[in-house]
Amino acid sequence: MSESKSLPARSLPPAAVLDLTTQVATLLFVNGETTERLERESERIARTLGFDAEFFVRWGELTIRINERGSANDAIVGAVPAGVDMRKVTAILALIDEVCSLRLPAEAVSSKLDAIRALPPVSVARFAVLAGAGAAGLGVIFGATHLWTLVLIALSASAGGCLRRWLGGISRNLLIQPFSAALLAGVVGAIAVRLHLSSVLHLVAVCPCMVLVPGPHLLNGTLDCAHARISLGAARIGFAGLIILMICTGLLTGLFLGGTSLPVFGPSFPIPLGYDVIAAGIAVAAYGTFFAMPWRTLPIPMLIGMLAHAARWGLMSVAGASIEIGALGACLLVGAITAPIADRLRLPFAALAFASVVSLIPGVFLFRMAGGLVALVGLGERTPPALLTGTIADGGTAFLILLAMAFGLIVPKLCIDHVADLIRERTPAR
């Protein structure tokens, strides 16, 4: 057995410990880790280096304080938690484990952090191909039955993925990417109907937009609210809401430019369970790619996602549950499974959990509601009652499904985290 390098207590001055702790916390914050775990892991590395640390987290800003004998060293850094990168989070948490187990000298941490910070995103080819495959998978789930329709969905989503990556390289605006990709999807959907390439407009246009929904931000925001971090949680949820608004605006603008609109009511066709479950696994693989999940861990959320989709099907088809109850039951199952797996594999919970339930997102209802609202404004007093009730029903269904998904995913995690905290408190420190 090789001899581990020892790390003497307070081997670094307070300023150096503050700098390392700040770098670790910032990287976790901007790459999608939950606030609870960010604070716990950053405190752990500071404590290993001989100091106590406190954190004050807000949207766009991190304040870290290192306490020493009645005095304190503070650092305030700007950090916007708008990204999700599983590979970076995993690497940072592995680095913390190395430091805390005394296998890595503190002096080597900074260079390791620089290497993690420089990790490239997934390749454009993988991003584009999986975006198309994921959108086509969602098309199958929502009733697309013709091969040509699925090809159109995949091509539109792949082109949108390339557009997003290109825009990400030339602009720091966080909203232009989802808006532009949704605009392209709307134009493609309108052209498909104009040229009679597909009659299923609501799927050709909507499925490429569903892969843009910012689920991890919604989940992290909900978790922050559950832990009474109201300002941060509200900011995360507000940011996610802005992205959804941009997606809806881009989609409806693209359809308008193509001379058509999104119908409030769309045809739906039953899909055999086997195809449905396989399509759900493909959609999960797409979202795992968006979040830079390593290939070796990608099968795990795929299997969980397929199980979740089958569970919802069972609740709805066998038990007669509503679509909202079906989503709740499936997400409770996923939350209970992914919470310990995320800790074990050192992955951000929100990204892993949302990727596993992406097939349950109510994107069709959201976008149909948006189209219905625009139609209501245009028709005014001439609005038929069916349009009004359909718009309200779509909006209510989308809201209840999102609420059920958030509740189902975070409640098991909160319970598991509470039990883990109790165990840690009762376990004597070595």
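Residues numbered from 1 in each chain as written. Predicted model: local features only at pLDDT ≥ 70, side-chain atom pairs only at ≥ 80, totals over all residues. Heavy atoms only, no water.

**Here's the deal with the overall build of the chain**
A tally of regular secondary structure across the chain gives 16 helices and three strands. For the chain, the C-alpha radius of gyration of 23 Å lies close to 22 Å, the compact-globule estimate for 430 residues. Its C-alpha atoms give the chain principal-axis dimensions of about 75 × 50 × 45 Å. In the chain, buried positions account for 51% of the 430 residues. (Helix = DSSP H or I, 4+ residues; strand = E, 2+ residues; numbered from the N terminus. Rg over C-alpha atoms; globule rule 2.2 N^0.38 Å. Buried < 20%, exposed > 50% of the residue type's maximum accessible area, 1.4 Å probe, protein only.)

**Concerning unusual backbone geometry**
Look at A292: it is not a glycine, yet its phi comes out positive at around 60°. Within the secondary structure, A292 is located in the loop between α11 (273-290) and α12 (299-317). Look at A292 and you get buried, because its relative accessible area is 6%. In the Ramachandran plot, R346 falls in the positive-phi region, its phi being about 60° despite a non-glycine side chain. Mapped onto the elements, R346 comes out in the loop between α13 (323-345) and α14 (349-356). Taking relative accessible area as the criterion, R346 reaches 17% and is therefore assigned buried.

**A look at helix α1 (residues 14-30)**
Given 3.6 residues to a turn, an α-helix orients residues that are three or four positions apart in the same direction. Taking 1.5 Å as the rise per residue, α1 with 17 residues should run 24 Å; its terminal C-alpha atoms sit 24 Å apart, in good agreement. With respect to burial, α1 is a largely interior element, 13 of its 17 residues being buried. The positive-phi residue at the C-terminal boundary of α1 is G32, with phi of around 100°. (Expected span 1.5 Å × (residues − 1).)

**Description of the packing of helix α15 (residues 363-379) against helix α16 (residues 385-426)**
Running from N to C, α15 and α16 cross one another at 150°; their axes reach a closest spacing of 8 Å. Judged on the interaxial angle alone, α16 and α15 are roughly antiparallel. For the pair α15 and α16, the crossing hand works out as left-handed. Where α15 abuts α16, its residues F365, L366, R368, M369, G372, L373, A375, L376 and L379 lie against L387, L388, T391, D394, G395, T397, A398, I401 and L402. Classifying every residue of the contact of α15 with α16 gives twelve nonpolar, four polar and two charged. (Axes fitted to C-alpha atoms, helices over the stretch in contact; angles between N-to-C directions. Parallel < 35°, antiparallel > 145°, perpendicular 65-115°, else oblique. Left-handed = near helix turned anticlockwise from the far one by under 90°. Contact = heavy atoms within 4.5 Å. Nonpolar A, V, L, I, M, F, W, Y, C, P; charged D, E, K, R; others polar.)

**Examining the nonpolar core**
If you look at the biggest cluster of nonpolar residues, it comprises 87 residues, and the most contacted ones within it are M210, L251, Y287, F291, F354 and F367. Among the elements that take part in this core, helix α10 (residues 230-257) stands out by supplying nine residues, more than any other. Apart from residues no more than four positions distant in its own chain, L251 is found in contact with A182, L183, G186, A205, V206, C209, L262 and F367. Listed in part, the 33 residues of the second largest apolar core include I66, A75, L113 and I116. (Core = buried A, V, L, I, M, F, W, Y, C linked by side-chain atoms within 4.5 Å.)

**Comments concerning the confidence of the model for the chain**
Mean pLDDT over the chain works out to 86, with 93% of the residues at or above the 70 mark. Per-element averaging of pLDDT across the chain places strand β3 (residues 71-79) at the bottom with 83 and α10 at the top with 93. Across residues 1-9 the pLDDT falls below 50, and counting only partners more than four positions away or on other chains, this stretch makes twelve contacts in the model. (pLDDT = per-residue confidence, 0-100.)

**What to know about the packing of aromatic side chains**
Summed over the entire model, instances satisfying the criterion amount to five aromatic pairs. Ring centres 5.2 Å apart and planes at 45° place the aromatic pair W59 and F239 in the tilted group. Of this pair, W59 sits in the loop between β1 (52-58) and β2 (60-68) while F239 sits in helix α10, and the two are 180 residues apart along the sequence. Judged by relative accessible area, W59 falls into the partly exposed class, the value being 29%. Note on F239: relative accessible area 9%, which makes it buried. With centroids separated by 5.8 Å and ring planes inclined at 65°, the aromatic side chains of Y287 and F291 adopt a geometry described as edge-to-face. F291 matches Y287 in its accessibility class, with the two residues each being buried. In this structure an aromatic cluster arises from ring pairing among F127, Y287, F290, F291 and F354. Here the guanidinium or amino end of R126 rests over the ring plane of W295, the centre of that ring lying 4.0 Å away. One Lys or Arg, R165, reaches over the ring of F127 and ends 5.1 Å from the middle of that ring. (Phe/Tyr/Trp six-rings, centres within 6.5 Å; stacked < 30°, edge-to-face > 60°. Lys NZ or Arg CZ within 6 Å of the ring centre and 35° of its normal.)

**Remarks on the environment of A94**
Looking at the secondary structure, you find A94 in helix α3 (residues 86-100). The spacing of A94 and R346 is 252 residues in sequence and 7.4 Å in space, taken between C-alpha atoms.

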